[in-house]
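Report on the structure
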Amino acid sequence: MEPDDGRLDGEGALAGLRRQAQHLIAELSGPVRRIRLRSGPAVLEVEWHPEESTRPDVPLPRGEAAPAAVPAPGAPAAVLRPSVPGRAAVRAPIVGTFYRAPEPGARPFVAVGDLVRPGQPVAIVEAMKLMNEVTADRAGRVVAILVEDGQPVEYDQPLVELDPA
């Protein structure tokens, strides 16, 4: 039977997108924060929020473990602490949500110990669905990442701390 309006086609497309999303998430090696799939006019967008992943009424995405208190061995941990007065800091250019990587599952722009040069991207702050690149204004070595990935930040808040290179 042919649908007489586009609603059933749209529902079928969404069902197909849900299956594709489940398949894609199952194949990815790391945790998924956001996924968006489109098929014609149908769009499926899913986003998980870290603060909700610990709520008992919100299931974790398939294949994602509960947040660990201890960082994985061999990976330099981000140092989450207040900025040290007098030390150079890359600051938030806008109010929004801080992200260390260009997209979910990608390598972070910088890690503790990396050397950065002026103008090099070190993070993204998302505001009103726009991704605003945060760049270093000077050269230096990353000594601390002061904000947890996915957390809200204020204008001019220190995000990344640098030692002069």
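All figures in this text were calculated on a predicted structure; none of them were measured in a lab.

1. Here's the deal with the overall build of the protein
- Across its full length, the protein holds one helix and 10 strands.
- When the elements of the protein are put in sequence order from the N terminus, they spell out α-β-β-β-β-β-β-β-β-β-β.
- For the protein, with 165 residues in total, the buried portion stands at 27%.
- As presented, the protein carries roughly 10800 Å² of accessible surface, and 55% of it is formed by carbon and sulfur atoms.

2. With respect to the environment of A15
- Relative to the elements of secondary structure, A15 occurs in helix α1 (residues 7–27).
- You can call A15 partly exposed: its relative accessible area is 22%.
- Along the chain, A15 and L44 lie 29 residues apart, while their C-alpha atoms are 9.4 Å from each other.

3. Overview of the sheet that holds strand β4 (residues 96–99)
- In space, the four strands of this open sheet follow the order β7-β6-β4-β9, with antiparallel pairing throughout. Each edge of the open sheet carries a strand with a single partner, namely β7 (130–135) and β9 (152–153).
- Direction of pairing for β4 relative to strand β6 (residues 121–127): antiparallel, over a ladder of three bridges. Across the sheet, Y99 pairs through a bridge with I124, a residue of β6.

4. Things to note about the sheet that holds strand β8 (residues 140–145)
- With antiparallel pairing, the four strands of this open sheet are ordered in space as β3-β10-β8-β5. The open sheet has two edge strands with one neighbour each: β3 (88–91) and β5 (115–116).
- Pairing of β5 with β8, which is carried by two bridges, proceeds in the antiparallel orientation. For L115, the partnering residue across the bridge sits in β8 and is R141.

5. Notes on the environment of E11
- For E11, the position within the fold is in helix α1.
- Taking the C-alpha atoms as reference, E11 lies 8.3 Å from A42; in sequence the two are 31 residues apart.

6. Thoughts on the pairing of strand β10 (residues 158–164)
- Taking burial as the measure, the seven residues of β10 include five buried ones, the bulk of the element.
- Note: β3 against β10, four bridges, orientation antiparallel. Along β10, the bridge assignment pairs A88 with L162.
- Relative to β10, β8 runs antiparallel, the two sharing five bridges. Opposite I145, over in β10, you have V160 as the bridge partner.

7. A word on unusual backbone geometry
- In this structure, M128 takes a positive phi of about 55° despite not being glycine.
- Locating M128 in the fold gives a position in the loop between β6 and β7.

8. Some remarks on the confidence of the model for the protein
- On average, residues of the protein score 74 in pLDDT, and 65% of them are at 70 or above.
- Contacts from residues 1–7, a stretch scored under 50 in pLDDT, to residues over four places away or in other chains number two contacts.
- Overall, residues 51–79 carries pLDDT values under 50, and its contacts beyond four positions in sequence, including any with other chains, amount to 25 contacts.

Quick notes on the rules
- Residues numbered from 1 in each chain as written.
- Predicted model: local features only at pLDDT ≥ 70, side-chain atom pairs only at ≥ 80, totals over all residues.
- Heavy atoms only, no water.
- Helix = DSSP H or I, 4+ residues; strand = E, 2+ residues; numbered from the N terminus.
- Buried < 20%, exposed > 50% of the residue type's maximum accessible area, 1.4 Å probe, protein only.
- Areas by Shrake-Rupley, 256 points an atom, 1.4 Å probe, with all protein chains shown as cover.
- Pairing = 2+ DSSP bridges.
- pLDDT = per-residue confidence, 0-100.
- Contact = heavy atoms within 4.5 Å.

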